Amino acid sequence: MKITKYKLVLVFAALVLGIFGKSTNTIYAQTLDLGVTPPITEVIIAPGADYQARYLLSNFSDSDVILTPKLYKMQATDEFGTAKIADDPEDETSDYYHWFSINGQRFNQTGIKIRTGLTIEVPVLLSIPEDTQEIDHYFSIVFASDPTTTLAGSGQAIQGGIATNMLIAVSKTGLPQKNAVVEEFSFPKIVDSFFPPTYTVRIKNSGNSFFKPIGDITTTGYFLDSSLKLAPQNILSGTIREIKCLDDEDLVNCTINSKFLLGTYKTQLAFTLDTEGRKIVTSETIFAFPFLGTIAIFGVWIFVKKVRKSSKKSIA
Amino acid sequence: MKRSKRKLSIWFLVLFASIAYLISPSRSFAQERMISENYRIIFGNLNSGAGIPSSDNYFLDSTIGQTAPGLYSSTNYRVKSGFQYIHSIIPFSFAISDFTIEFGTLTPETFATQTNTLTVSSGGAGAYQVLASENNPLQTLAANQIPDTNCDTSCSETTAGTWTSTTRYGFGFNMSGNDIPADFSSANHFRQFADESTAESPQVVMSSVNVGRDRQATVTYKVNISDTQAAGRYQNIVTYTAVPGF
């Protein structure tokens, strides 16, 4: 078969496009994309003991990264579990700095290299000195990138860091002193039948150690036996936290799941401080009535009555 | 007949090229991700079949330890890893779309802007913060500085102000998108970065108390200089730190 020139050109162009078209990928900006697991570790540990934590660090960036671990003191910044870290990392002058090491090296002394697309395991050794006081200590370990990029002109080199939190309770017996006060358990005491109440639960940690409230809010009454599971969220020592409820694995508002309430209901908040602590119980009463429905029906009745009266007058 | 044969050949070649383009291999990543509505599990190259990586600076143990949510105990400690009521392993992740911001050559009384994007996924108990600061104002090696902006009237590292006048000089940033502070109420509202050299505390630029996936905010960096600004390359380091809740 006679192959014309233009057919050859087309074949060549098709081959070139097919082989190289996909290779000329989209040009990516220089990204920094990191992940860390777990985001929180809770340790109850005796003075003089060691614990080796293990973290998975992921580098989803488009290039290799070197991360330097840094230790920051951490505290609660609000009643919703938001962590605030200190302005500056702990250094050699800090006692806490010497509690932590990675393969025998202190934080700030080692760079962890992670190739692009890989996840690595990083072992962090926690060593509690023998004379440590039996109270809580809260830290954030920040894995920070190295801003070594050379800029051609004026501009910024961006440094990124990703943190994981560690809550440490030092206790010789393994049973640190825990205590709590119900700061608030509030909801409307009189509600409309079609608008079930939402409970607000705020718990204050008045003890020496962090805990999770394990319990629920039960509401019983006319054709209702509801139980809302409290979310086991950490409450740090000396702080107040507003506690949500749990629907399977989702955090939700503590709202009764009922379409209609009528009459008097008993509501009880009951929880323990973790699974082994003492139990705290408080209860209240709710009264439900279809106020809006009643007003609507009454309004309709008045309207109908007036219409009938008017029509009788007009006939007369 | 010849013309229709020719047309058929052309269509065949176009089809062949398209198929070749679609099936030719693209860049592949070294690890897989499994993603669903509720969880994301990351399987990395955790040493299996690859030997134990090492270098002067690090050494990795080959055992996979206590990274799954759960309770671990020994004689002298008890440990809970992860958020106990979230049964999947959900990493906390943070991404910055571009870690170099280049303004190039600055022109007096002409705004120069650049952007990048911050993305956070906080899938455990929710709640996170992203803190931002600069090591010092933009400066040259000779320590000539472009000061942090005071906007048109006033702004600081904690409170944004409008900045539209080209006779107001300095360096600042704006935020737009998810979970940003309320004072960034328009594209013309700018703040200074917290200046570490004067002991200013890093400031929150993104935060949420809720569980969130791929929460994204755009940072717009803006600089303006006067015609008396000394020549040079003005640079600094901006640090973003993402902290999960507890």
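Residues numbered from 1 in each chain as written. Chains lettered and ligands numbered in written order. Predicted model: local features only at pLDDT ≥ 70, side-chain atom pairs only at ≥ 80, totals over all residues. Heavy atoms only, no water.

Pairs can form between side chains of opposite charge whenever their charged atoms are close. Residue and element names in this part refer to chain A. Following the criterion strictly, the structure yields eight salt bridges over all chains and no others. Ionic pairing is found between E184 and R202, a salt bridge with its closest N-O pair at 3.0 Å. In this pair, E184 sits in strand β11 (residues 180–186) while R202 sits in strand β13 (residues 198–205), placing the two residues 18 residues apart along the sequence. A relative accessible area of 26% places E184 in the partly exposed class. Here the salt bridges share partners, and the residues they tie into one network are E79, E184 and R202. (Salt bridge = Lys/Arg side-chain N within 4 Å of Asp/Glu carboxyl O. Helix = DSSP H or I, 4+ residues; strand = E, 2+ residues; numbered from the N terminus. Buried < 20%, exposed > 50% of the residue type's maximum accessible area, 1.4 Å probe, protein only.)

Bringing a negative patch on the surface into the picture now. Together, D87(A), D88(A), D91(A), E92(A) and E196(B) make up a negatively charged patch on the protein surface. Inspection of the secondary structure puts E92(A) in the loop between β5 (83–85) and β6 (100–101). Accessibility expressed as a relative area gives 49% for E92(A), which makes it partly exposed. (Patch = residues over 30% accessible without salt bridge, like charges linked within 9 Å, V, L, I, M, F, W, Y side chains within 5 Å. Areas by Shrake-Rupley, 256 points an atom, 1.4 Å probe, with all protein chains shown as cover. Lys, Arg positive; Asp, Glu negative; His and termini not counted. Charge placed at Lys NZ, Arg CZ, Asp CG, Glu CD.)

This paragraph deals with a nonpolar patch on the surface. All names here are of chain A. Together, I190, F194, F195, Y222, F223, F260, L262, F287, F289, F291, L292 and I295 give the surface a local cluster of nonpolar side chains, amounting to about 1,300 Å² of exposed area. Broken down by secondary-structure element, the contributors of at least two residues to the nonpolar patch are β21 (279–289) and α2 (291–315). Here F223 shows up in the loop between β14 (213–221) and β15 (224–230). Look at F223 and you get exposed, because its relative accessible area is 75%.

For the rest of this paragraph, the subject is the sheet that holds β15(A). Residue and element names in this part refer to chain A. Ordered in space as β12-β21-β20-β14-β15-β17-β18, the seven strands form an open sheet in which the pairing is mixed. Two strands in the sheet have a free side with no partner beyond their single neighbour: β12 (190–192) and β18 (250–252). For this sheet, the mean inter-axis angle between neighbouring strands, taken without regard to orientation, is 35°. (Pairing = 2+ DSSP bridges. Axes fitted to C-alpha atoms, helices over the stretch in contact; angles between N-to-C directions.)

Where the residue is not glycine, phi is negative for most of them; where a peptide bond is considered, it is trans in most cases. Across the junction of T37(A) and P38(A), the peptide omega takes the value -10°, indicating a cis bond. Within the secondary structure, P38(A) is located in the loop between β1 (32–37) and β2 (40–45). Although it is not a glycine, D214(B) sits at a positive phi angle of roughly 55°. With respect to the helices and strands, the residue D214(B) is situated in strand β15 (residues 212–224).

Before going further, it helps to examine the confidence of the model for chain B. Residue and element names in this part refer to chain B. Mean pLDDT over chain B stands at 78; residues scoring 70 or higher make up 70%. Across residues 24–65, where pLDDT falls below 50, the model places 78 contacts with residues more than four positions away in sequence or in other chains. On the interface metric, ipTM, the complex scores 0.84, and its pTM is 0.79. (pLDDT = per-residue confidence, 0-100. Contact = heavy atoms within 4.5 Å.)

A word on the sheet that holds strand β8 (residues 119–127) of chain A. Pairing is antiparallel in the open sheet, where eight strands are placed in the order β6(A)-β8(A)-β3(A)-β1(A)-β5(B)-β7(B)-β15(B)-β12(B). Among the strands making up the open sheet, the edge pair consists of β6 of chain A together with β12 (170–177) of chain B. In this structure, strand β5 (residues 92–96) of chain B lies alongside strand β7 (residues 112–122) of chain B, joined through five bridges in antiparallel fashion. What sits directly across from A95(B), in β7(B), is T119(B).

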